[in-house]
Amino acid sequence: MNSDNRLPMTRRTFTQAGIAAAASFATTATLPGVENLVVAQDKAKSPGWIDAHVHVWHPDTVKYPLSPDFKKMDMQPPSFTADELFKHARPVGVDRIVLIQMSFYGHDHTYMHEMMKSHQGVFSGVALIDHQAKDLSEKVDQLSKMGMRGFRLTSGGNTQTWIDDPGMATLWRKAAENGLAICPLINPADIVHIDALCQKFPETTVVVDHFARIGVSGTIEADRLNNLCNLAKYSNTHVKTSAFYALGKKRIPYDDLIPMIRKVVDSFGPERLMWATDCPFQVQGQHTYEASIALIRDRIDFLSESDKQWMLKLTAEKIFFA
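To keep things clear, this report deals only with the structure shown in the data block.

About the thresholds
Residues numbered from 1 in each chain as written. Predicted model: local features only at pLDDT ≥ 70, side-chain atom pairs only at ≥ 80, totals over all residues. Heavy atoms only, no water. Pairing = 2+ DSSP bridges. Helix = DSSP H or I, 4+ residues; strand = E, 2+ residues; numbered from the N terminus. Axes fitted to C-alpha atoms, helices over the stretch in contact; angles between N-to-C directions. Contact = heavy atoms within 4.5 Å. Core = buried A, V, L, I, M, F, W, Y, C linked by side-chain atoms within 4.5 Å. Buried < 20%, exposed > 50% of the residue type's maximum accessible area, 1.4 Å probe, protein only. Polar contact = N/O pair within 3.5 Å; in protein donor to acceptor, adjacent residues only side chain to side chain.

1. Brief notes about the sheet that holds strand β4 (residues 148-154)
Argument step 1. The 8 strands are arranged β1-β2-β3-β4-β5-β6-β7-β8 in an open sheet whose pairing can be described as parallel. The outermost strands of the open sheet, each flanked by one partner alone, are β1 (49-54) and β8 (273-276). Each strand of the sheet is rotated relative to its neighbour by a mean of 25°, with strand direction disregarded.
Argument step 2. Here strand β6 (residues 205-208) runs beside strand β7 (residues 237-242); their pairing, made up of 3 bridges, is parallel. Opposite Val 207, over in β7, you have His 238 as the bridge partner.
Argument step 3. Sitting on the sheet, helix α5 (residues 136-145) touches β3 (123-128) and β4, and the angle it makes with β4 is about 130°.

Next comes the structure, spelled out in C-alpha cells:
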C-alpha cells in the first residue's frame, strides 16, 4: 500500500472504445453547434450511470501546484484530466461522476472545483479537510458552498483516536446538519472504529470506500467482511462497490468478487450501495473501465434491473447529486 493510501496503480492505457469515441467527438466539435447537439443526443440515449469515485489531476503543476508532500514524479499516470476521464466514461453510458480530491493537491481544491464549475451537473465533489483545523466549521461551510457533498477521511494508522477527537465530532455533526457525507478510506482493521463513530453519530451519512479495502491482500477475509456488513445496522451507512482492479485476484472479469458483492447486497440492500471505478487506477495495465461497470451491469445474475439502477445510479444520485 502506498504511503498516501492510494490503491496500487501502473501506467495508464486507454481502451480502444474510448479512443474511437474521442476521435468521433473531435471531428464533430469542429462544426459550430454540432458538439452540443451530439452531446445532447448521446445523453438522451444514455442510461445515465453515475461513477461514484474518480480522481482527476492536471499535468500543469505551475497552474495547479502540488502539496509539499508530493513531487511531480509521484503523479502516475502523469495526467488524468476531466477530458481524459470522459473518453472512458461516456462510451459506457456514465454521464455523472463524483470527483474525490486527489492527495497530490492536499487541501487545495482549485482544479477539482474548476472542473465542477465548467461541467455543471456532471460532477459532484468530495473534499479533503483537516479535522483538527481551528477554523473547521468555517472550512466545512466554505467547501459546502463550493459544491462539495462530502469529506474524505483517510486511515493513517490513527483511526482508533477518531472516536474521542473533538474535531472529528465537529465534522460528523456538521456533516449531518448540512446533509453532507463522511467518506472513510479505511483498511479492514479500521471498520470497528467506524462502527463506533456510526453509533455515536447515527444521523451522519457515511459512505465507506472500496469495501473498506477487503480483498487488497488477495483474500476476501470472512471475518472482515462480516464486520463491514455489520455496519448495515446504521441506516445512514453506505458502501462503495468499487476498485475491482485492486481486490481479490485482481483479474478481469472480477468474478471472484461476486460472493462479496452478494454479501453486501444482502446486508445493505442495493439502495445503500454504489458502484465506482476509482479511476484512473481502474484503467491501468490490463484493467478497463468497461470491465468495471460490466461486473455489476452484466455478470451478476442475482441483481434485478431495479438493483442495478440503484447501484449504478440512484444511490449515488441520492447522496451526491440531490
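2. Brief notes about the nonpolar core
Argument step 1. With 87 residues, the main nonpolar core has Leu 99, Phe 123, Leu 171, Trp 172 and Leu 228 as its most contacted residues.
Argument step 2. It is helix α9 (residues 258-268) that provides the largest number of residues to this core, a total of 6 residues.
Argument step 3. Those residues in contact with Leu 99 that lie beyond four places of it in its chain are Val 54, Val 56, Leu 85, Met 112, Met 115, Met 116, Phe 123, Ser 124, Gly 125 and Val 126.
Argument step 4. Judged by nonpolar contacts, the second largest core, of 13 residues, contains Ile 50, Val 98, Val 126 and Val 207.

3. Examining helix α10 (residues 289-298)
Argument step 1. Burial runs high along α10: 7 of the 10 residues are buried.
Argument step 2. Considered for burial, the residues of α10 that qualify are Tyr 289, Ala 291, Ser 292, Ile 293, Ala 294, Leu 295 and Ile 296.
Argument step 3. Of the residues flanking the start of α10, the one acting as N-cap is Thr 288, its side-chain oxygen 3.0 Å from the backbone nitrogen of Ala 291.

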